[in-house]
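# Results of the structural survey
For reference, the chains in residue letters:
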Amino acid sequence: MDYRQQVEYLKAGNYFFIPNDIFSYDLTPKAFIVLCYLAHISDNMGESHPSRYTIGKHCHITRSTVDRALKELEINGLIEIEKRYKDNIQTTSSYSLCYITKKNKTIYNLVADMNGVLEGNKRRGTRYLSGKRG
């Protein structure tokens, strides 16, 4: 993939952000996949509102496993869970990715920063996106 293809790939939204230090959290595989799913469906502020059933369906795990995974992610400070109500009846919870909101940057700002790097220095940007160091 050349430089221009990489820029178009980023602009098309074919990615989601997970912190580099994710493996230092010693998460269970099910918590990791739930985090990836929440990152995948979150809006530009790192928030999403799926039901536990929907999370389980897309991650191929039971609802009780979803509950354990969400608790694990919350304990590790990777997500914040806010219960939402409509007419005094609980609806789906709101999940916020802490690693995006705590830095006070949106995904779009991160992409804009990366595009700035790419446009400013094609060679450096290509190494950055391809994961190659040189």
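Residues numbered from 1 in each chain as written. Predicted model: local features only at pLDDT ≥ 70, side-chain atom pairs only at ≥ 80, totals over all residues. Heavy atoms only, no water.

## Considerations on the environment of His60
Looking at the secondary structure, you find His60 in the loop between helix H3 (52-59) and helix H4 (63-75). With 27 residues separating them along the chain, His60 and Ile33 place their C-alpha atoms 9.6 Å apart. (Helix = DSSP H or I, 4+ residues; strand = E, 2+ residues; numbered from the N terminus.)

## Things to note about the sheet that holds strand S2 (residues 79-82)
Pairing is antiparallel in the open sheet, where three strands are placed in the order S1-S5-S2. Both outer strands of the open sheet, strand S1 (47-48) and S2, are each paired with one neighbouring strand and no more. Packing of helix H2 (residues 29-41) onto the sheet brings it into contact with S1, S2 and strand S5 (94-97), and relative to S5 it is tilted by some 95°. (Pairing = 2+ DSSP bridges. Contact = heavy atoms within 4.5 Å. Axes fitted to C-alpha atoms, helices over the stretch in contact; angles between N-to-C directions.)

## Quick notes on the nonpolar core
Counting residues in hydrophobic clusters, the biggest one holds 22 residues, and the most contacted among them are Val34 and Ile55. Listing elements by their share of this core, those giving two or more residues are H2, H3, H4, S5 and helix H5 (98-101). (Core = buried A, V, L, I, M, F, W, Y, C linked by side-chain atoms within 4.5 Å. Buried < 20%, exposed > 50% of the residue type's maximum accessible area, 1.4 Å probe, protein only.)

## Section: the layout of surface pockets
Approximately 270 Å³ is the volume attributed to the second largest pocket. What lines the second largest pocket is a set of 14 residues, and nearest its centre among them are Arg52, Ile81, Lys83, Ser93 and Tyr95. Looking at the lining of the second largest pocket element by element, the count peaks at four residues for H4. (1 Å grid on protein atoms, 1.4 Å probe; cavity = no way out; pocket = protein on both sides within 12 Å on 5 of 7 lines; lining within 4 Å. Points joined across faces, edges and corners; volume = space filled by probe spheres on them.)

## Remarks on the confidence of the model for the protein
Keep in mind that low pLDDT regions are not for reading the predicted coordinates in detail. Per-chain confidence: the protein averages 77 in pLDDT, with 64% of residues scoring 70 or above. Mean pLDDT per element in the protein: helix H7 (residues 122-130) is the minimum at 40, and H4 is the maximum at 97. Confidence over residues 102-108 falls short of pLDDT 50; this stretch has 14 contacts with residues more than four positions distant or in other chains. This stretch, residues 118-134, has a pLDDT under 50; its non-local contacts, to residues over four places away or in other chains, come to 21 contacts. (pLDDT = per-residue confidence, 0-100.)

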